[in-house]
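A structural walkthrough
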Amino acid sequence: MRTYQQILNENLESLTQAFHSGTPITEVVHARAEVMDLMLTDMWSRHFTNNQNDLALIAVGGYGRGELHPHSDVDIMILLADDAMDRLKDTIETFVTALWDLKLEIGHSVRTCQDCAKEASKDVTVVTNLMESRILAGSEKLFDRMRAITAESQIWSKEDFFKAKLAEQEKRHSKIGDTAYRLEPNIKEGPGGLRDIQTIFWVAKRYFNAESLEDLTKLGFLSQSELDALLGGRELLWKIRFALHIVAKRREDRLLFDHQRELANIFGYHDKNHNLAVEQLMQHYYRTVTELERLNEMLLQLLHEAIEYPSNNKSPVEINSRFHAIHGYLEAKHERVFIEYPPVLLEVFLIMQRHPELKGVGASTIRLIRNNRHLIDQKFRNDIINRNLFMAILKEPHGVSHELRRMNRYGVLAAYLPEFENIVGRMQYDLFHIYTVDVHTLFVLRNVRRFSVPEHSNWQPTCSNIFATLKYPEILYIAALYHDIGKGRGGDHSELGAQDAERFCINHNLGGNIANIVKWLVLNHLLMSMTAQRKDISDPAVIREFALKVGDQEMLDYLYLLTVADISGTNPILLSSWRSRLLLELYLRTRYIFRHGLAKPMNADQRIQERRDTAVDLLIEEGIAHEACEQIWEDFSDEYFLRHTPEEIAWHTQAIAKSGSADLPLILINEKVTRGTTPIFIYADDNDRYFVITTSVMARLGLNIVDARIIASKSEFTLDTYLVLDDNNNPISDANRIREIHKILSDCIKNPEHIPDVPQRPVPRQLKHFDTPTRIIAEDDPDARYTILEIIAGDRPGLLATIGKALLECDIKVHNAKISTVGENADNIFWVTDMTDKPLKNADKLKNVIDTLKQEIESSPSERPASLTF
């Protein structure tokens, strides 16, 4: 005879085959529950041969609905008569233990009817589970009694239940991150997920006493098209969840990177020219949950209105000839308003901007908008009335980003801007862009708008001040809308977006000047971030080159604001204080050039003298004589002064002045945050091994190096500065941690003959799913003093130390480094020479360096944990 475990395993194998062969997912999910019913009732009959009037086996939750995925929780309740616990306790424990022995994910409770009423009255989750309960075995009488005393007439009125479920949904969304469009979404708990579909049903069931979603159509609550959308969305989410359980071999509701590629293969997607298979799967998913979010919002609002305002006393408040407000919600006066005058499909959002007292758009009007979106065709887009309405929305002083997000939720934005349709739900398979392109775009627009809102002035004060000077803020809004709109079409998305943006401006009669500015901003929206992160902005030539590309102060203002908004809308942690400071420095230095004229930029000698003068003033205040400063600085190169601020120069000089040879190596760690990082300064007898030693130590200590300035004095002392962050990308603030870093660095630099091993730490889970090819680009710097090596590789722990070790093996000196990690990619730039401080002119030598670097970088990193033993 087959065991229960064999039955379950065979059933899972059979259902998995059925799933892969195309059996409808509803049949598969219900079939799993049916087999579980048969097994549990058989086990029940073997344990409870008597006492059938004293207890009942109840399926609750998802199992109560008859829905089970391969590794779903099997939620059951054993319902007891009031006096049955003492008599049946041992048998119940034996039964539950037998279930656990089957390795089932059992969720169980043992309650009397009174226990059910008591617990359900306190917890809306409990009453929700009981609403979906069904009896498997035992006393029907007990089950009916439990249902009666937990009914809406006894506990949790329609109004209270709705409010509780709405609050529960809001809390759930907030916990997940309040957006379904992250890289690794939760298909069950996230916005537009399975829970949102269930919430609609739970509330409707409590209100209408419906038994299925189909019943809601019969009751007139759902239209057939809305029902089809709900069932179609649920079908896709069920398919994904079933596949996730199979692939993960456990309960899993998150679409992790670990599984996305395999699921794309299971569902038959294939890579295309400009769209990976995994991106196609995820776009299908994101578009589906977008539609489910729209339905959830509309249907819950319909229920809210029916529950909260059951009478016909609507007391409308006049808005205009087409709209009025009812109970604080904007409603169309009649069902044909959009058909008779299509421009109101845009006007509704303008009204919401101009009437902040409104709570939202009424559910029946949302339904009308959804049903009439087809009216937004090319004729509609060409109509000057509609073009003026859209521009009026952009020019309103309040609610711009809020209403454009609403337009996106209702599907109106993509209908009016067909080019926007392409990016709706579009993901990029990397770790840099954590939102879909459309959601990212609207976040960027929101950030731009925040520059104008006094309540957000503390977020980016400089940006808020600059924004207040803009003559045409709508330029920035349009650039934000179009900066990534060309993604997914092949070719340079900046060029494609610039063409679209120019066409938009011309179509909306914005004039040639505005059109040119918007086009330039979209085309060059990455210019400022790339310059700040990949070039040495302490170099006057770099600033001048950037200024020539930007052209004037007006363009600089627009570009700076767009860049800050873009980076902070890409990933919440991406705009670190370090990156903010880099961008601000680039902005201020470029502004200086514009104010003094491109023809007369500040030359290097002038900048050096200004910094020395300011540093002297700071040092005199600390008791360091002017003569002592000059004596120390005689040994410093011009490069040192160009690449450090007066405050940094004073900090270094004061420490050097107070130290002697016995104090070397001198290691300074500034506990005050500088440029959004913690600076570490090393002053010691120069040694070519210091770079690899320092980077290895810092990697072992879990420090992220974001900038490295490797400078030697005239008498061959190191003047090296590393700007670092902790593993959470924050400056180092703990005093004990700073002392630890100081001691270990000092010990290792004192023993340069021993180079610490490159740290071997586990590669983070998400990074394992990207295979970034190593690319190395070599070129001479403009002054022919260095060879510039740009090294692009997959990020991993200890990468910088690996590069340093490879360069040392090739007898290469590092003079400067720009460190940039974007998602899964590390893009690092090094200014190097040979050991005689000459650039690498020999082709064979350069090829050997590049080959060695590739070999070291591409060798598989170990999974062994790092040790702090040196």
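The structure we're discussing is the one just above.
These notes cover the structure that comes with them. (Residues numbered from 1 in each chain as written. Predicted model: local features only at pLDDT ≥ 70, side-chain atom pairs only at ≥ 80, totals over all residues. Heavy atoms only, no water.)

Overview of unusual backbone geometry
The omega torsion across Leu664 and Pro665 is 0 degrees, close enough to zero to call that bond cis. Assignment of secondary structure puts Pro665 in the loop between helix H34 (646–657) and strand E9 (666–669). You will see that His327, though not glycine, has its phi angle at about 55 degrees, which is positive. When you line up the elements, His327 lands in the loop between strand E6 (323–326) and strand E7 (329–332). For His327, a relative accessible area of 26% translates into the label partly exposed. The backbone phi angle of Asp837 is positive, close to 65 degrees, even though this residue is not glycine. Tracing the backbone shows Asp837 in the loop between strand E17 (825–834) and helix H38 (843–858). For Asp837, a relative accessible area of 39% corresponds to the partly exposed category. (Helix = DSSP H or I, 4+ residues; strand = E, 2+ residues; numbered from the N terminus. Buried < 20%, exposed > 50% of the residue type's maximum accessible area, 1.4 Å probe, protein only.)

Description of the nonpolar core
Among the nonpolar cores identified, the biggest contains 179 residues, and Phe390, Leu404, Phe504 and Tyr560 are the most heavily contacted of them. No other element matches the 15 residues that helix H13 (residues 277–308) contributes to this core. With sequence-adjacent residues up to four places away left out, Leu404 is seen in contact with Phe390, Leu394, Leu413, Leu442, Leu445 and Leu481. Counting residues in each nonpolar core, the second largest holds 49 residues, with Tyr690, Leu701, Ala806 and Leu807 among its members. (Core = buried A, V, L, I, M, F, W, Y, C linked by side-chain atoms within 4.5 Å. Contact = heavy atoms within 4.5 Å.)

What to know about the pairing of strand E1 (residues 55–59)
Within E1, five of the five residues are buried, leaving the element largely enclosed by the surrounding structure. Residues Leu55, Leu57 and Ala59 line one face of E1 and the alternating positions Ala56 and Ile58 line the opposite face, and both faces are buried. Strand direction decides the pairing type here: E1 and strand E2 (residues 74–80), joined by five bridges, are antiparallel. By the bridge assignment for E2, Ala56 is matched with Leu79. Looking at chain direction, E1 and strand E4 (residues 134–138) are connected through four bridges and run antiparallel. Residue Ile58 lies in a different strand from E4, and its bridge partner there is Ile135. (Pairing = 2+ DSSP bridges.)

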